[in-house]
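# Observations on the model geometry
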Amino acid sequence: MTSAWRATVLTLFPEMFPGPLAHSIAGKALAHQKWCLDAINIRDFAKDKHNTVDDTPYGGGAGLVMMADVVHGALCAAETLYEGKASPQYIYVTPRGAPLTQAIVRTLSQNPSGIVVLCGRYEGVDDRLVEYWREEKGLIEISLGDYVLSGGEMAALTLIDACVRLLPGVLIKEEAKTSESFELDLLEFSQYSKPRIWQNKVVPEVLLSGDHSKIAAWRQKSAEQITKERRPDIWKAYDNQRASTKRTQSGKGGSFAAKGD
Ligand code: ADE
């Protein structure tokens, strides 16, 4: 299917793909052509007979830097895969990037063409390459978190997985995409399954009641409590949002009432 959302990964280790993405939800969707995946070997774009992809950094220091012209060749090859379509989002995964959020994931999953993910190794990529693709093609830099992986491949796998599950027709329950953690600005409520009693721990009675409004209220309370305890930052943002919504609503009602007075 040529119009499917496409992820193209540029890597020195193409054998790492699809890897875990061949399993579970993403794997099923891949098999059903809800999305497609290409792994491009950056080494194929080396310019010399030794297939060199990296060199020592100007200014000295440990490690090697991936060469601009080699990576540029790989990115240009990736670009041809999207010919005749809207520009994909070009992404360089690096600890120097913006922290990945569900909001970014959603935006990426809504790009009609998909994404191109550049994975660095060694000491990263010549910065001029990053700058050029940022200026010319809107490349963004994304970080998975404040820790250093041995390369961008794990980050690319994670990023692609998060995007794919949001593509239309991938999750069976569309509702699950919006009711879970972060989409509603709260962590997810606690879930239980059979048996009703395990290790002397009992499933909350209300969940067995069949009363949907009571269950919804319990789940809301559970989500709020867990968020408050574990992520005060998320709780604060949620609470502020809730307060300002309340103010807007009561503001409207207030002016209506004032007219009648
Ligand atoms: N490459 C190495 N570490 C990384 C991180 N934390 N996020 C994204 N890409 C990376």
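Residues numbered from 1 in each chain as written. Predicted model: local features only at pLDDT ≥ 70, side-chain atom pairs only at ≥ 80, totals over all residues. Heavy atoms only, no water.

Under the counting rule described, the total for this entry stands at 0 disulfides. Just so you know, C119 is unpaired, no disulfide at all, and the nearest cysteine sulfur is the one on C163, 13 Å from it. (Disulfide = S-S within 2.5 Å.)

So, about the side chain of R6. As for its placement among the helices and strands, R6 is situated in strand β1 (residues 5-11). By relative accessible area, R6 is classed as buried at 15%. Apart from residues no more than four positions distant in its own chain, R6 is found in contact with C36, D38, L81, Y82, S113, G114 and I115. (Helix = DSSP H or I, 4+ residues; strand = E, 2+ residues; numbered from the N terminus. Buried < 20%, exposed > 50% of the residue type's maximum accessible area, 1.4 Å probe, protein only. Contact = heavy atoms within 4.5 Å.)

Attention now moves to the domain arrangement of the protein. Frequently, the measure chosen for interface size is the accessible area that the parts lose on association. One can read the domain layout of the protein as domain 1 (5-164) and domain 2 (184-257). One C-alpha centre belongs to domain 1, the other to domain 2, and the line joining them spans 38 Å. (Domains from an automatic or database assignment.)

Once that is clear, we can look at the environment of W133. Mapped onto the elements, W133 comes out in helix α4 (residues 127-137). Between the alpha carbons of W133 and I91 there is a distance of 9.5 Å; along the sequence they are 42 residues apart. Setting aside residues up to four positions removed in sequence, W133 forms contacts with H72, L75, C76, E79, Y90, G138 and L139.

To continue, consider the nonpolar core. Residues W5, W35, I115, I160 and V164 are the most contacted members of the largest nonpolar core, which totals 28 residues. Residue assignment for this core shows that the elements contributing at least two residues are β1, α1 (24-31), β2 (35-41), β5 (89-99), α3 (102-109), β6 (114-119) and α5 (153-164). Among the elements that take part in this core, α5 stands out by supplying 8 residues, more than any other. Discounting residues that sit within four places of it in the chain, I115 has contacts with W5, R6, A7, T8, Y82, P88, Q89, I91, L108 and I160. Core analysis: the second largest hydrophobic core is formed by 22 residues, I40, V53, V70 and Y90 among them. (Core = buried A, V, L, I, M, F, W, Y, C linked by side-chain atoms within 4.5 Å.)

A cluster of nonpolar residues, Y147, L149 and M154, forms a patch on the protein surface that exposes about 300 Å² of accessible area. Topologically, Y147 is positioned in the loop between β7 (140-143) and α5. (Patch = residues over 30% accessible without salt bridge, like charges linked within 9 Å, V, L, I, M, F, W, Y side chains within 5 Å. Areas by Shrake-Rupley, 256 points an atom, 1.4 Å probe, with all protein chains shown as cover. Salt bridge = Lys/Arg side-chain N within 4 Å of Asp/Glu carboxyl O.)

For R121, the location among the structural elements is in the loop between β6 and α4. Residue class for R121 comes out buried when judged on its relative accessible area of 18%. Excluding its chain neighbours within four sequence positions, the residues that come into contact with R121 are L12, F13, M16, M66, S150, G151 and E153.

Turning our eyes to something else, we now look at the packing of α3 against α5. Their axes nearest at 8 Å, the elements α3 and α5 cross at an angle of 70°. As summarised for this structure, α3 and α5 are arranged roughly perpendicular, according to the angle between their axes. Within the contact between the two elements, α3 uses V105, L108 and S109 and α5 uses L159, A162 and C163. Looking at the contact of α3 with α5 residue by residue, the class counts come to 5 nonpolar, 1 polar and no charged. (Axes fitted to C-alpha atoms, helices over the stretch in contact; angles between N-to-C directions. Parallel < 35°, antiparallel > 145°, perpendicular 65-115°, else oblique. Nonpolar A, V, L, I, M, F, W, Y, C, P; charged D, E, K, R; others polar.)

A word on the site of the ligand. Around the ligand sit V93, T94, P95, I142, S143, L144, G145, Y147, V148, L149, G151 and A155, and that is every residue in its neighbourhood. One nitrogen or oxygen atom from the main chain of G145 is found 3.2 Å from a nitrogen atom belonging to the ligand. Y147 is positioned with one of its backbone polar atoms (N or O) 2.7 Å from a nitrogen atom of the ligand. When each cavity is represented as a set of grid points, the ligand is found to reside in the largest pocket. Counting residues per element, the ones that place at least two in the shell around the ligand are β5 and β7. The element contributing the most residues to the shell around the ligand is β5, with 3 residues. The residue inventory of the shell around the ligand, partitioned by class, reads 8 nonpolar, 4 polar and no charged. (Near = heavy atom within 4 Å. Polar contact = N/O pair within 3.5 Å; in protein donor to acceptor, adjacent residues only side chain to side chain. 1 Å grid on protein atoms, 1.4 Å probe; cavity = no way out; pocket = protein on both sides within 12 Å on 5 of 7 lines; lining within 4 Å. Sits in = over half its atoms within 2 Å of the grid points.)

The space that makes up the largest pocket amounts to roughly 400 Å³. As for the largest pocket, its lining consists of 25 residues, and the residues nearest its centre are Y92, V93, T94, P95 and G124. At the level of secondary structure, the elements contributing two or more residues to the lining of the largest pocket comprise β5, α4 and β7. Looking at which element gives the most residues to the lining of the largest pocket, the answer is β5, with 5 residues. Classifying every residue of the lining of the largest pocket gives 12 nonpolar, 8 polar and 5 charged. (Points joined across faces, edges and corners; volume = space filled by probe spheres on them.)

So, on to the pattern of salt bridges. Using the criterion set out here, one finds 11 salt bridges in the structure. Here R6 ties to D38 by a salt bridge, and the two come within 2.3 Å at their closest N and O atoms. With a gap of 32 residues between them, R6 in strand β1 and D38 in strand β2 connect regions that are remote in the sequence. With a closest N to O distance of 3.9 Å, K214 and D211 form a salt bridge. Among the residues examined, D211 registers a relative accessible area of 28% and is labelled partly exposed. Members of the salt-bridge network, linked through shared partners, are E224, D239 and R242.

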